[in-house]
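# Survey of secondary and tertiary structure
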Amino acid sequence: MTGLWSGSSGLRGTVGVLVGVLVLWEAAVWLLAPAPIILPPPSRIWIEFLDAPRYFLRHAWFTLSTTLAGFALSVVLGVGLAVAIVNSRFLERIIYTLLVSLNSLPKVALAPLFVIWMGTGVEPKIAIAVMLAIFSIVVDTVLGLRSVDPDAIALARVNHASPLKILVKIRFPNALPSLFVGMKVAISFALVGAIVGEFVAGSAGLGFVILVAQGQFDTPRVFVALVLLGILGTLLFYLVEAVERLTLPWHVSQRAVADRDGHG
Amino acid sequence: MVACVEIRAAGKTYASPRGPVTALEDVTLAIAEGEFVSLLGPSGCGKSTLLKCIAGLEAPSAGTIGVRGTPLAGPPQGLGMVFQRDVLLDWRTILDNVLITAEFQGKPKAALAERARALLDRFGLGDFQDRHPWELSGGMRQRAAICRALLCEPEILLMDEPFGALDAMTRDDLNVELTRIWQAARRTVVFVTHSIAEAVYLSDRVAMMSKGPGRIVEVVAIDLPRPRPLSIRETPEFGRHVAHIRGLFAALGIVKE
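So, how was this worked out
Residues numbered from 1 in each chain as written. Chains lettered and ligands numbered in written order. Predicted model: local features only at pLDDT ≥ 70, side-chain atom pairs only at ≥ 80, totals over all residues. Heavy atoms only, no water. Helix = DSSP H or I, 4+ residues; strand = E, 2+ residues; numbered from the N terminus. Buried < 20%, exposed > 50% of the residue type's maximum accessible area, 1.4 Å probe, protein only. Contact = heavy atoms within 4.5 Å. Areas by Shrake-Rupley, 256 points an atom, 1.4 Å probe, with all protein chains shown as cover. Lys, Arg positive; Asp, Glu negative; His and termini not counted. Charge placed at Lys NZ, Arg CZ, Asp CG, Glu CD. Buried area = accessible area lost by both parts, 1.4 Å probe. Salt bridge = Lys/Arg side-chain N within 4 Å of Asp/Glu carboxyl O. Polar contact = N/O pair within 3.5 Å; in protein donor to acceptor, adjacent residues only side chain to side chain. Domains from an automatic or database assignment. Phe/Tyr/Trp six-rings, centres within 6.5 Å; stacked < 30°, edge-to-face > 60°.

Along its length, chain A carries eleven helices and zero strands. Overall size of chain A, expressed as C-alpha extent along the three principal axes, is 75 × 55 × 30 Å. The buried share of chain A, reckoned over its 264 residues, is 45%. Sequence separation of at least 24 residues holds for 73% of the intrachain contacts in chain A that already meet a minimum separation of 6. Of the roughly 13,700 Å² of accessible surface on chain A, a fraction of 74% belongs to carbon and sulfur atoms. Looking at chain A, you have 18 positive and 14 negative side-chain charges, and the mean spots of the two groups are 8 Å apart.

Printed below as a string of structure tokens:
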């Protein structure tokens, strides 16, 4: 994983590429002079942000808190559902089938329904974020809970361990690496869900900012919101990855990273 | 006198997509208290299945298995088990891996921590108790797995090809260590292996098994004196036992001569 956090050389490279793209962009706009409504230069976008930083940060904070709430709820509900699925064939058939059919529906099409049910506050946005994020959590956690060495279960049974102990001491730690895979996908989906919710109805959040700016043909403002969204998404992803590193120092994937960093 | 483990006409038939498969047929064997018995045979002879039945992990589809006079319904009390793979949990230190037996059984961990450390010391792992399994060699990991099985002082120790995945030298080491602790505590041990020499070196009796379906074809008593140093394997008596068993397997068409 060449992430922002895996050493200063990776970070330097990423920043270098970003600066290069910005310089090219600025130069291209200077040379080709497209209409400002089509493509503003990065400097113009920066000025737009400096014009009202509080406004943008307030809306970014709303989107961030919606995303985090939706994500947290998906993890709690998703892990609960996964445990239920793994423990009962009956529940597996029902919940799994329902989840798969729910996931095959385009969530954007469901969003208006949530607004009707829950109003225009933060609740429908969280609900949509959960709907988008929960699937990968459930699927990956189920996989992790299932892929336990049968001998480890035999060992527990020989020692008369209760099903709860088997879950807590073997199945759950064993599922953590897959849970983190699911969470890394889910955190991005939760952000998408929050924005979808803000698009459909609402008066706050970066999605709302984009919608309003679009109505006024204020392209620089749209770009500021997009850049902030990009930063949010990236930071959230690496936040999950950082937590993963702290939680799973024992896992093969983390040991491989440590080895490579150690030698590189 | 009641045998420690008594297997009477036990059979095990599995359902498979291609019809029922008989893994075990008409196995009868009585294992005395404190006896070291090996189940010896080629792969697929049902020796691991038989061990799982004794452990109460699987129920025989015919016959009965009793432990100390009580017919089995699930794993009996006072059982320790060692598998071919060490099954150490990567997220626990070696000490915590050993202590998991106590956690499973609901025994106080603090009281057993001292015993766990002593066990690890005895198996040469004292300096590694705070390491994680992936930092240890295969032999050290299997030693830790044996400590884990011994933690709660099991009366019966079941070992399913525990040294099968180790190199020959590590295997010798562990054979010696196993006889040493067995000599000291005299627990009942049922040991699954496909190595004739290993079975002869360790056992009081060797139950020879054949496959298709799995059954016991012969039980051979090993009257070599104890304690047995590793060099006993070079003695004519040891060679005679090995040759005798190999000859029986050959006569039955299980191994080629």
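What follows deals with the interface of chain A and chain B. Counting residues at the interface gives 19 residues for chain A, matched by 22 residues for chain B. Counting the surface lost from both chain A and chain B, the interface buries some 2,100 Å², and carbon and sulfur atoms represent 64% of this. When the area that chain A buries against chain B is broken down by residue, the three leading residues are L155, V158 and N159 of chain A, summing to 29%. Across the contact surface, chain A and chain B share three salt bridges. In this structure, D151 of chain A and R85 of chain B form a salt bridge, with 3.2 Å as the shortest nitrogen-oxygen distance. The interface formed by chain A and chain B holds nine residue pairs in polar contact (both at pLDDT 80 or more) in total. No other element matches the seven residues that helix α7 (residues 150–158) of chain A contributes to the side of chain A that touches chain B.

Moving on: the domain arrangement of chain B. Residue and element names in this part refer to chain B. What the domain assignment reports for chain B is domain 1 (1–78 + 156–257) and domain 2 (87–154). Averaged C-alpha coordinates put domain 1 and domain 2 at centres separated by 25 Å. The interface is formed by 14 residues belonging to domain 1 together with twelve residues belonging to domain 2. Both faces considered, domain 1 and domain 2 share a buried interface measuring about 1,100 Å² in area, 65% of it formed by carbon and sulfur atoms. When the buried surface of domain 1 facing domain 2 is broken down by residue, E177, I181 and R187 rank first, second and third, together holding 41% of it. Put simply, domain 1 and domain 2 have one salt bridge between them. The residue E177 makes a salt bridge to R143 at a minimum N-O spacing of 3.2 Å. Joining domain 1 to domain 2, the criterion identifies three residue pairs in polar contact (both at pLDDT 80 or more).

Let us now look at the packing of aromatic side chains. Pairs of aromatic rings are described using the distance from one ring centre to the other and the angle between the two planes. Residue and element names in this part refer to chain A. Applying the stated criterion across every chain yields a total of ten aromatic pairs over all chains. Centre to centre, the rings of F49 and F56 are 6.0 Å apart; their planes meet at 35°, and the pair counts as tilted. Geometrically, the ring pair formed by Y55 and F56 is edge-to-face, given 5.3 Å between the ring centres and 75° between the ring planes. By way of ring pairs, the aromatic residues W46, F49, Y55 and F56 are connected into one cluster.

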